[in-house]
Amino acid sequence: MCTLNQKNSYLPNCKVLLIILNLSEFEAKQVLLSYEIPIPKGILITDSKQTVSTLNNLKPPYMVKAQVPVSGRGKAGGIIPANSIDEAQDAVTRLLGAEIKSFLVNQVLIEEKLATKKEVYLGFTVDRFNRCYVMLASKMGGMDIEELTAKTPQAIVRKPVDVRSGFRSFDALSTAKRLGYCGDQLVELSNIIQKLYRAAIENDAELAEINPLIETDTAGFVAAEMICLFGSVVVVVRGLRE
C-alpha cells in the first residue's frame, strides 16, 4: 500500500511527496526469511477452499491472521486463534472478504501457534533529524512501541547508529545483554539484531520492526510479527514551461 504525505520544500515551485510502502505481514516475513531470521511455519491462503488441504503440513493450534497493511488488526478482530483444522477453516471463511479497519481482506496467513516464554521488541527506524538509523529494543514485547515509550520510557533501549561504522557486533551484544540475556541466547539474539539491521539498511526501510520476537519454551527466538515500511522521496516540480 502506498500513501502520499505532502511536505514543505525549500525549493521554489516544488512539492515534495514522501511515498510509503507498507508490506503485509507475510511479505515482511519473507524479507526476514531472506536474512535467515526464524519465522513461524505458516501458509498463505487466498481461497477458503485451500484451507483443509494445505493445513496437513502444519500442527495445531494455529493463529489465523488477516493480511492488511494496518496496525491494531488483532483488536479489530483480524487475528483469530484456532485449535483445529475445522476452527481454522471457520476463521478463514470469516476473514476472507471482511473489512478490517477499512481494508478488504484478500489474503489470510495461517501459522503454527508458538509456545511463548517471553516477548521482546526489536526495531530499526529512521531518525530524520539526525539523519541516521536508531535501534530500539525492549523486554516488553507485544506492546505498541509508541504507547510503551509514553508510559514506560525506561523500558526502551535506544541507540543511534553511527553512519560511518554502522551497527557493530559489539552494539548487538551490548543490546542483548541489556535485555537480560547471556550465553548462547545472548549470541543468538545479537545475531538476529544484526540481521534485522542489515535487512533495514540494505532495503532502505523507514521502519523494520519485530514485535514481538518470541523466546520459545526451547530457548530459541522466532519473529512472531513483523512490520516493514519502505519510503522514497519524490520532488514534483511545478510552474515550468515546456
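Procedures and definitions
- Residues numbered from 1 in each chain as written.
- Predicted model: local features only at pLDDT ≥ 70, side-chain atom pairs only at ≥ 80, totals over all residues.
- Heavy atoms only, no water.
- Pairing = 2+ DSSP bridges.
- Helix = DSSP H or I, 4+ residues; strand = E, 2+ residues; numbered from the N terminus.
- Axes fitted to C-alpha atoms, helices over the stretch in contact; angles between N-to-C directions.
- Contact = heavy atoms within 4.5 Å.
- Phe/Tyr/Trp six-rings, centres within 6.5 Å; stacked < 30°, edge-to-face > 60°.
- Buried < 20%, exposed > 50% of the residue type's maximum accessible area, 1.4 Å probe, protein only.
- Salt bridge = Lys/Arg side-chain N within 4 Å of Asp/Glu carboxyl O.
- pLDDT = per-residue confidence, 0-100.
- Arc of directions from axis to C-beta.

Caption draft 1: Expanded view of the sheet that holds strand β4 (residues 62-66). Ordered in space as β3-β8-β4-β5, the four strands form an open sheet in which the pairing is antiparallel. Bordering the open sheet on either side are β3 (42-45) and β5 (79-82), each of which pairs with just one other strand. With strand direction ignored, the average angle separating the axes of adjacent strands in the sheet is 20°. Note: β3 against strand β8 (residues 108-112), four bridges, orientation antiparallel. Bridge pairing in β8 places I45 opposite V108. Contacting β3, β4 and β8, helix α1 (residues 25-34) crosses the sheet at an angle of about 50° to β8. In the packing of helix α3 (residues 85-95) onto the sheet, contacts are made with β3, β4, β5 and β8, and the angle to β4 comes to roughly 5°.

Caption draft 2: Expanded view of the packing of aromatic side chains. Taken as a whole, this structure holds five aromatic pairs when the rule is applied. On the basis of an interplanar angle of 85° and a centroid distance of 5.2 Å, the ring pair of F124 and F167 is categorised as edge-to-face. Of the two residues, F124 is situated in strand β9 (residues 116-127) and F167 in the loop between β11 (156-160) and α5 (169-178); the sequence distance between them amounts to 43 residues. Side by side, F124 and F167 carry an identical accessibility label, which is buried. Between Y181 and F221, the aromatic rings sit 5.3 Å apart at their centres with planes inclined by 75°, giving edge-to-face as the arrangement. With a gap of 40 residues between them, Y181 in the loop between α5 and α6 (183-202) and F221 in strand β13 (residues 221-223) connect regions that are remote in the sequence. A residue is classified by how much of its surface remains accessible, and F221, at 2% relative accessible area, is buried. Joined through ring pairs, the aromatic side chains of F124, Y133, F167 and Y197 make up one cluster.

Caption draft 3: Region of interest: the pattern of salt bridges. The final tally for this structure, using the stated rule, is 16 salt bridges. The partner of R94 in a salt bridge is D90, and the shortest N-O contact between them spans 3.7 Å. Of the two residues, R94 and D90 both sit in helix α3, four residues apart, roughly one turn of that helix. Using a relative accessible area of 42% as the deciding quantity, one classes D90 as partly exposed. Each of E25, K29, K65, R73, E111 and E225 takes part in one network of salt bridges that share partners.

Caption draft 4: Region of the structure containing the confidence of the model for the chain. Residues of the chain with pLDDT of at least 70 account for 87%, and the chain-wide mean is 87. Element-level mean pLDDT values for the chain span from 44 in strand β1 (residues 2-7) up to 97 in β13.

Caption draft 5: Expanded view of α3. Listed as buried for α3 are A88, Q89, A91, V92 and L95. All buried residues of α3 project into a common sector of 165° when viewed along the axis, lining one side. Those residues of α3 that are exposed and aimed more than 90 degrees away from the buried face are D86 and R94. Its buried side turned inward, α3 meets β3, α2 (51-54), β4, β5 and β8. Backbone geometry just after α3 places G97 at a positive phi near 90°.

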